[in-house]
Amino acid sequence: MLIECPWCGPRDETEFHYGGQAHVSYPDDPSVLTDEQWARYLFYRDNPQGRFAERWCHGSACRRWFNAVRDTRTHQIVATYRTGESAPVT
Amino acid sequence: MDNEFRLANAGRIDRDRPIPFVFDGTEYLGYAGDTLASALLANGVHQVSRGVHSCRPRGILASGVTEPCALVQVEEPFDEPTLAATTVEVCAGLRARGLSGKGALTSRPDPARYDTMYAHADVLVVGGGPTGLLAALTAARAGARVMLLDDQSELGGDLLAETAPLEGRPPIAWVSGVCAELAGCQDVTVLPRTTAFGYYDDNYVVACERRTDHLGTAAPERTSRQRMWCIRARAVVLATGAHERSVAFSDNDRPGVMLAAAARTYLHRYGVLPGRRVVVFTTNDGAYQAAIDLAGAGVPVTALADARPEVPDDLAKACAAADIEVLAGHVVAGTRGDARISGACLAELRDGRLQGHREVDCDTVLVSGGWNPAVHLFSQAGGGLRYDSQLAAFVPARARQRVFVGGAARGAVTLADCLADGARIGAQASRTVGLSADAAPMPAVLQRTPTPSTALWLVPDPSGDYRRHYVDLARDATVADIVRATDAGLRSVEHVKRYTTVGTGHEQGKTSGVLATGVVATILGVDPAELGTTTFRPPYTPVTFAALAGTDRGALHDPVRVTALHDWHVAAGAMFENVGQWKRPWYYPRPGEDMAAAVWRECVAARRSVAMMDASTLGKIDVQGRDAAEFLDRVYTTMMSTLRVGRIRYGLMCRADGMVFDDGTVIRLADNHFLLTTTTGNAAAVLDWLEEWLQTEWPHLRVYLTSVTEHWSTVALVGPRSRTVLRRLAGDLALDNASFPFMAWRDATLAGTTARVCRISFSGELAFEINVPWRHAQRIWTELCDAGADLGITPYGTETMHVLRAEKGYPIIGQDTDGTVTPQDLGLDWAVSKKKRDFIGKRSFSRPDTARGDRKHLVGLLPVDPDLLLPEGCQLVADAELPAPPVPMLGHVTSSYRSPALGRTFALALVEAGRHRVGRRIHAVVDDRPVPVIVTDPVFYDKEGARRDG
Amino acid sequence: MTAEAASTPVRRRPADRTGSPLEGYVDRFAALAAATRGAVGVTELPAFAHLALRADPQADVGDILGGPLPPPGHVIGESPLTLGLGPDEWLVLAPDGTQTPLTRALHRVIGANGAVVDVSGQRTVVELSGPWCRTVLAKGCAIDLHPRSFTTDQCAQTLIARAQVILLARSGDPSALWLLPRASFARYVADWLLDAALEYQT
C-alpha cells in the first residue's frame, strides 16, 4: 500500500505501523467504570467489512500518529487525516 | 546429426555464436538466442520429461512461460530445480536434465549476487509486443517517465514470430525502430528478460529481471544474477498478451502435441521445425497461419481439423493454395505412438457425438483450443473479469486501479487491433498522469476481420473413458479426475481445483485453468460465465527465494547494531549475544576458559572488587516540556512528579490492561526536563507508545520526546571498588555517600570528558553508570580500564549482568515477564503509586482476573541438587510423580544461573500462587523427569541492600 | 552562538574522525572511490553539532537559523543547516563545538514551548557522491530519488534497506546526497552501500 502521511506525503506501507481502531478514547476517569465498561474499552473493537477508521504511525519518518479511513475489502485508503480531526465524510 | 530440424536461414538466433550444452548427459549444439526447448527441438529431442504421477513421456507443448510439462533441473552453471525448458536460455556451460515433476534443491551455496531496485514511473508498460511497444512509444513521446518490461530476451512479443509486413517492412524492423527511439528518450527504461509477477495495491508492481542467467559461466561476478524491481507507477499499461490453450482429447499429452502458436514461434523465431508431418486441430482462426507457414517451410500438413462447422473462406482458400486439407466440423479424437506421436485419429463432431473416425500418420499434432487473455496481473490488481462467449475466454472488465489493458490481453485478436489498442491506452495512461498525449501513429498493417471461435473444451469419447484426456499436464490431472470431483458434488472451480490439483503446478494453470472451467461447464451443462476462474495470485511465474531475498543475506540479512565500544569488545575476545538487532558482549573468555568459568570470574570481580560493562544499548529518551512531570505520572506506575532535580527513580510502565510493558530509570535533569531509560529491546516500542499517548490522547500536554539512545554511550562501573576507580578520574567530584547518594546523578568532567554519572545499580553493588557522547566512549572506557588495572578491573558481559541482577531478584522485562504479568505478580507493588488518581494500567489492577490470589508470582527456586542448572523455560509441577496427562502446570523457569555468591545454582520462576508456596517443594521437569526444587523469595543476595553504598 | 561560529562553513574543518561511528571505514571508502573511478563516492563527514529542535513552526528563529523554520521535507541554510523532520520537529546541523551557544540561543527564543536536545552522537553524516550514487541508493530506498523528485534542499526520513535514515539533497552539488544513519546502524548502512556499489567497480 501507499499511505499518504499528512506530513510526509505518500510513502510505502513498510514505513508505517498499525495502531488499531481510531477514535477509541481513553476514558476520562477509568475508576468510575464498571469492569464490563472497562473491558469494553480494553478489548472490544469493531471489525467491519468496508470502511474503517484506523490509527497509523509513520514510525520510520516523522513519528506522527494519524488516522486513515481504509476499506478493509480492497485495502484502499480513502482518506488520511490528522489526529484530533474527525473522520471525513466519505 | 546436429540441428537436423533447424532451418538454414530462418529465425532470430545468432548462427555465429554456437553454444554447446548438455541435456540428460548428451552434448548438443544450440545458438545464442535459443531456449533450451528450441535447441532440443532443433536436435530432434521431443521427450523432455515424464508425467509426475503417470510417468508417461512428455514433450514440449508451449514456447514460453505457459509450458506445463517440459520441466528440467538445471545443474550447471547454477543449480536450479523445476524450470520450464521453454524459459531457460541456452548459455555457456549449461547442463540440465529432464524432470518428472519435482526438482531437487541443491546443497551447494549459490555464489551469485541478487539485488533489488526501487523504481518510479509515470507509465509502466508490461509487455513488449506490438501493443506494449506502441503504448510505451506514445507515453514516451508525451514526455512521461516510462518503464517497459518484457519477459523475453528481446522485445517484439508475437512480432518475433510474425511474417506479415508492418509498414511494408518485416515486423522486426518496425520493432527495432521503436526500440531505438525508446532508447534515445531520457527517462525511459526498457527492461527485457524482466517478468512482472506481482501487482499489488496502489499500482505497485514487482518484477524479476534475469540479468546474467543467459551469460552462463561468462556472467560477470559483480553483477547481480537477478534483480527484483519494485515499481511504483502512476499508471500501468498491461499488454501482457494471451495464452493459447489446448483441448482435452484422448492421449493429448504425447510428445509431439504442441500448441499451434508455439510451433509458429519455433519456426519463425528459432528457425526450428517442430516435426516432419503435421496434423492441426483448432477451434479458431489462429492455427491456420501456423499450418500455412509450416507448409511453406516444406512440412506436409496432412489435415487441418476445425471444430467449427463452417470455415472462413479466405483461410480455406489459403490452405488450398498450400495443399492443406481442411476438415470443417472435425476434431482430433486421439493420438497413438510410443514415446512420440506416430498418428492421430480424426473424427467428425456432430451434435456432440463423434463419427467417421479416420487414422492419419503424423509426428506432430498442433492444437489450438482458443486464447486466454493473460489477465493475471489485471486480476491481481483487483480487476474483475467477464466471460466473452465470442472468444470463449475470460477478459478484463472492471479495473480497480489506474490500469489500462490492451491488445490480446483484453481479447483483441488481430494485429491491427493490438496496435490500435497500444496507441490508445498509451495516450490514455499519459493523460491520466497529467500529460498531453497524442496516440503514436499506427503502422500500416493487413486488416482482417476474425471469425468467432467455438467453445470446445472437451472432445467426447464414445467409450466414456476420460482417463487420458489430460487437462493439466503439470499435475497429470485428467477429465476423469474432474468428473470424479463433480460427481462428488463439487460445483465451484475453486473446489474442483483443490480436489483435482488442476492449476496448482509450477505454471499455476496457465494452459489448464480456463480449460478446467470449460470442462466443468461442459460436464455440468452450464455456461462457463457462471463458473468464472480460480483466483489469480502472485507470483505470475515462479520466483526464486534468492531473488526475493536480494541483498538481505549473510552479513546484511538484518542490521547489526553495534555500540561505540564494539571494536574494543572484539579485540578483547568477547563472545557476543544478539539482543534484538544489537550485538552485546556476552562474556569475555580468557584463554582456556569456558563460558561458565568466564562468567564466574566476572561475577566475582563485580562482587568483590570492580568490573565494568558496556550498557550503551539501553534505550534513552529525553523528555522536556511544561507538562513533562504530569506526563510521566500518567505513563509510569510510579510517581515521578515528586522526583527532585538531581535524583533518579525506578519506573515501571504498564499497558492499559495492567500488564508490565517496560521498566527503567527516570532521572530529573531540571523541573521540566527528564531522561528516561528503557530496556534494550524495547527502546523503539516505548518511544512509539509514549508518542501515541501524547499525540492521540493528550495533545494538550506540552511534552517533547527525543531519542538519545546513541547520543549517550553508557558504561556501568560496578563493585565495591568502583568508587576508588572513579575517584581517580573524577577530579574534585565528591563521591561519598552523603554528597553523591544512591539514585542521584551528577554532571562531571572525567579525564577531560564531560560525562553524566548516575548512581544506579542493577547488581546490588556500589555502582555508577557513566554516560558520555558516542565519540568519547572509547576514551572513557580505556581510561577506566587503566584506572582500575591495579584493582583487577574486569569487563563483563550480559551473562554476568544477568547473574548479578537475578541474585538480587531484579526481573528482566521480556525474559521474566511475557505480557501477562502485572507489577504485583512481580512483587513490585512498591513501584505502583497508591496516590495517583490514574495512570496507564491502574484500572486494570482491580479487574477480577488481575486481582486473583492464585496468579503466577515471580519467585526464586533453589534446586535441591545445588549443582543442577535448571533449563530456562522448563515446566514446573507439584509432584515428583507425573500424573496422567493433562498434567497441571504450576508455571515455568524464567531465569536460571550458577551463582558464585551463593556457591550453587538458582533460578527465578513464575509460579502459580508462588508467594504462598515459599519454603515448599515443587518439581521442575528436566528431560521429562521431575526434579525437586524449593520455592524461595526472589531476592537471594544482600536482602538488606547493604552493599549498594559500598 | 557567536557570529564566528555561525559563519564557519560546515565542511572546511580538519577531518577529526576520532571515535566516529565509521572511523574504521576510511580505507574502504577510499578504495571504493578508486575502484569505481568516482562513479560512486561514500565518505563519512567530520562531526557536526546535531540539535533536535521541537518548537512552534512560527517560532522566530530566523536570526539564528537564517530563515523561518522549514516545513517537513525541506531544508534551509548552510551553516547552520536546518532540516524539517515533522510538523514541530527539526534537526539543526552546525559546526561541532557550537552545541552549547546554539542551544542557549534557541532556548531563548522558544522558551517553554519546545525543546532543544543535543543529539550530536545520535547520527553520523555520510556523503554519497558520483553519478551513480542515486542508483546505488535506489537499491534500498523506496522513495523516488529522481533529481526532479528529490532535489536541492529537500530532506526525507525513510528506510535504506532495513535501517532508518535521514536523507538530504544539498545545494551546491546536485548529484551528492547526505545520509544520516543512527550511529549504531552506521556500519550496517556502510556495508550495505559498499555492497550495493560493487557492480560499479571497473
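Only a predicted model underlies this, so the values are computations on that prediction, with no experimental measurement involved.

**As for the overall build of chain B**
Right, so step 1: In terms of regular secondary structure, chain B is built from 20 helices and 47 strands.
Right, so step 2: In terms of principal-axis extent, the alpha carbons of chain B reach across some 115 × 70 × 55 Å.
Right, so step 3: Relative to its 950 residues, chain B shows a buried fraction of 61%.
Right, so step 4: Here the analysis covers contacts within chain B between residues at least 6 apart in sequence; of these, 65% occur between residues at least 24 apart.
Right, so step 5: Taken as a whole, chain B presents about 35,400 Å² of accessible surface, with 51% of it coming from carbon and sulfur.
Right, so step 6: The average position of the 101 basic charges and that of the 110 acidic charges among the side chains of chain B differ by 6 Å.

**A closer look at the packing of aromatic side chains**
Right, so step 1: Going through the model one piece at a time under the given rule, you end up with 26 aromatic pairs over all chains.
Right, so step 2: On the basis of an interplanar angle of 35 degrees and a centroid distance of 5.8 Å, the ring pair of F21 of chain B and Y28 of chain B is categorised as tilted.
Right, so step 3: Judged by centre distance (4.9 Å) and plane angle (65 degrees), the rings of F906 of chain B and F940 of chain B are edge-to-face. Taken together, the positions of F906 of chain B in strand β45 (residues 904–912) and F940 of chain B in the segment after β47 (929–936) put the pair 34 residues apart, joining distant regions of the chain.
Right, so step 4: Looking at R45 of chain A, its charged tip hangs above the ring of Y41 of chain A, at a distance of 5.8 Å from the centre.

**A short note on unusual backbone geometry**
Right, so step 1: Residue P886 of chain B follows P885 of chain B across a cis peptide bond; omega there is 0 degrees.
Right, so step 2: Relative to the assigned elements, P886 of chain B resides in the loop between β43 (875–877) and β44 (891–899).
Right, so step 3: Residues S79 of chain C and P80 of chain C are joined by a peptide bond in cis, for which omega reads 0 degrees.
Right, so step 4: Here P80 of chain C is to be found in the loop between β3 (75–77) and β4 (81–86).

**Comments concerning the interface of chain B and chain A**
Right, so step 1: Each partner contributes to the interface: chain B provides 25 residues, whereas chain A provides 26 residues.
Right, so step 2: Taking both partners together, chain B and chain A bury about 2,400 Å²; carbon and sulfur atoms supply 46% of that area.
Right, so step 3: Remark: the boundary between chain B and chain A carries seven salt bridges.
Right, so step 4: For R55 of chain A, the salt bridge identified is with E697 of chain B, shortest N-O distance 3.3 Å.
Right, so step 5: In this assembly, chain B and chain A are joined by 18 residue pairs in polar contact (both at pLDDT 80 or more).
Right, so step 6: When residues of the side of chain B that touches chain A are assigned to their parent elements, the largest contribution, eight residues, is made by helix α17 (residues 683–697) of chain B.

**Digging into the sheet that holds strand β3 (residues 17–21) of chain A**
Right, so step 1: Here four strands make up an open sheet; going across it, the order is β3-β4-β5-β6 (chain A) and the pairing antiparallel. A strand with exactly one partner marks an edge of an open sheet, and here the two such strands are β3 and β6 (77–82) of chain A. Strand-to-strand twist of the sheet, defined as the mean angle between neighbouring strand axes without regard to direction, takes the value 30 degrees.
Right, so step 2: Here three bridges tie β3 of chain A to strand β4 (residues 51–57) of chain A, and the two strands are oriented antiparallel to one another. Of the residues in β4 of chain A, the one forming a bridge with H17 of chain A is C57 of chain A.
Right, so step 3: Together, β3, β4 and β5 (65–71) of chain A form the strand contacts of α17 of chain B, whose direction differs from that of β5 of chain A by roughly 80 degrees.

**Some remarks on the pairing of strand β35 (residues 673–678) of chain B**
All names here are of chain B.
Right, so step 1: Most of β35 is tucked away, with five of its six residues classed as buried.
Right, so step 2: As judged from the six bridges shared by strand β32 (residues 619–624) and β35, these two strands associate in the antiparallel manner. Bridge assignment links D622 to a residue of β35, and that residue is L675.
Right, so step 3: Where strand β34 (residues 660–670) lies against β35, four bridges are found, and the strand directions are antiparallel. In the sheet register, A670 faces β35, and the bridge partner there is H673.
Right, so step 4: Counting the residues in the hairpin turn of β34 and β35 gives two residues.

**So, the pattern of salt bridges**
Right, so step 1: The full count for this structure, using the stated rule, is 81 salt bridges over all chains.
Right, so step 2: One salt bridge connects R64 of chain A with E691 of chain B, and the closest N-O pair in it is separated by 3.9 Å. Of this pair, R64 of chain A sits in the loop between β4 and β5 while E691 of chain B sits in helix α17, on two different chains. Like R64 of chain A, the residue E691 of chain B is buried in the burial classification.
Right, so step 3: Residues R58 of chain B and D476 of chain B are paired through a salt bridge, measuring 2.6 Å at the closest nitrogen-oxygen approach.

**Focus: the side chain of R607 of chain B**
All names here are of chain B.
Right, so step 1: Structurally, R607 can be placed in helix α15 (residues 595–608).
Right, so step 2: Looking at R607, the relative accessible area reads 6%, which means it is buried.
Right, so step 3: Leaving out residues up to four positions away in the same chain, R607 has contacts with P720, S763, E765, L804, E807, K808, A901, Y941 and R947.

**A look at the confidence of the model for chain B**
The predicted coordinates ought not to be read in detail in places where the model reports low pLDDT.
Right, so step 1: Summary statistics for chain B give a mean pLDDT of 96 and a share of 100% for residues scoring 70 or more.
Right, so step 2: Predicted complex, confidence summary: ipTM 0.97, pTM 0.95.

**Re the side chain of K510 of chain B**
Right, so step 1: Examined against the element boundaries, K510 of chain B turns out to sit in the loop between α10 (493–500) and α11 (513–524).
Right, so step 2: Of the side chains bearing the opposite charge, E507 of chain B lies closest to the buried K510 of chain B, which forms no salt bridge; the N-O distance is 6.4 Å.

**Some remarks on the pairing of β5 of chain A**
All names here are of chain A.
Right, so step 1: Burial runs high along β5: seven of the seven residues are buried.
Right, so step 2: Neither face of β5 is open: one carries W65, N67, V69 and D71, the other F66, A68 and R70, and all of them are buried.
Right, so step 3: Taken together, the seven bridges between β4 and β5 define a ladder with antiparallel strand orientation. Looking at β5, one finds that E54 is bridged to A68.
Right, so step 4: Here β5 pairs with β6 via five bridges, running antiparallel. If you follow R70 over to β6, its bridge partner there is I77.
Right, so step 5: With antiparallel pairing between neighbouring strands as the criterion, β5 and β6 make up a hairpin whose turn holds five residues, including H75 at a positive phi of roughly 65 degrees.

**A short note on the packing of α15 of chain B against helix α20 (residues 798–807) of chain B**
Residue and element names in this part refer to chain B.
Right, so step 1: Relative orientation of the contacting elements α15 and α20 amounts to 55 degrees, with a least axis distance of 9 Å. The orientation of α15 with respect to α20, classified from their angle, is oblique. Relative to α20, α15 is oriented so that their crossing is right-handed. Residues M595, V599, E602, C603, A606 and R607 of α15 form the contact with α20, whose own contacting residues are E799, T800, V803, L804 and E807.
Right, so step 2: Split into classes, the residues belonging to the contact of α15 with α20 amount to six nonpolar, one polar and four charged.

**As for the interface of chain B and chain C**
Right, so step 1: Opposite the 41 residues of chain B that make contact, chain C presents 47 residues.
Right, so step 2: Of the roughly 3,900 Å² buried between chain B and chain C, counting both surfaces, carbon and sulfur atoms make up 47%.
Right, so step 3: The largest contributions to the chain B side of the interface with chain C come from R222, Y704 and R775 of chain B, which together make up 19% of the buried area.
Right, so step 4: In this structure, the connection of chain B to chain C is made through 10 salt bridges.

Thresholds applied
- Residues numbered from 1 in each chain as written.
- Chains lettered and ligands numbered in written order.
- Predicted model: local features only at pLDDT ≥ 70, side-chain atom pairs only at ≥ 80, totals over all residues.
- Heavy atoms only, no water.
- Helix = DSSP H or I, 4+ residues; strand = E, 2+ residues; numbered from the N terminus.
- Buried < 20%, exposed > 50% of the residue type's maximum accessible area, 1.4 Å probe, protein only.
- Contact = heavy atoms within 4.5 Å.
- Areas by Shrake-Rupley, 256 points an atom, 1.4 Å probe, with all protein chains shown as cover.
- Lys, Arg positive; Asp, Glu negative; His and termini not counted.
- Charge placed at Lys NZ, Arg CZ, Asp CG, Glu CD.
- Phe/Tyr/Trp six-rings, centres within 6.5 Å; stacked < 30°, edge-to-face > 60°.
- Lys NZ or Arg CZ within 6 Å of the ring centre and 35° of its normal.
- Buried area = accessible area lost by both parts, 1.4 Å probe.
- Salt bridge = Lys/Arg side-chain N within 4 Å of Asp/Glu carboxyl O.
- Polar contact = N/O pair within 3.5 Å; in protein donor to acceptor, adjacent residues only side chain to side chain.
- Pairing = 2+ DSSP bridges.
- Axes fitted to C-alpha atoms, helices over the stretch in contact; angles between N-to-C directions.
- pLDDT = per-residue confidence, 0-100.
- Parallel < 35°, antiparallel > 145°, perpendicular 65-115°, else oblique.
- Left-handed = near helix turned anticlockwise from the far one by under 90°.
- Nonpolar A, V, L, I, M, F, W, Y, C, P; charged D, E, K, R; others polar.

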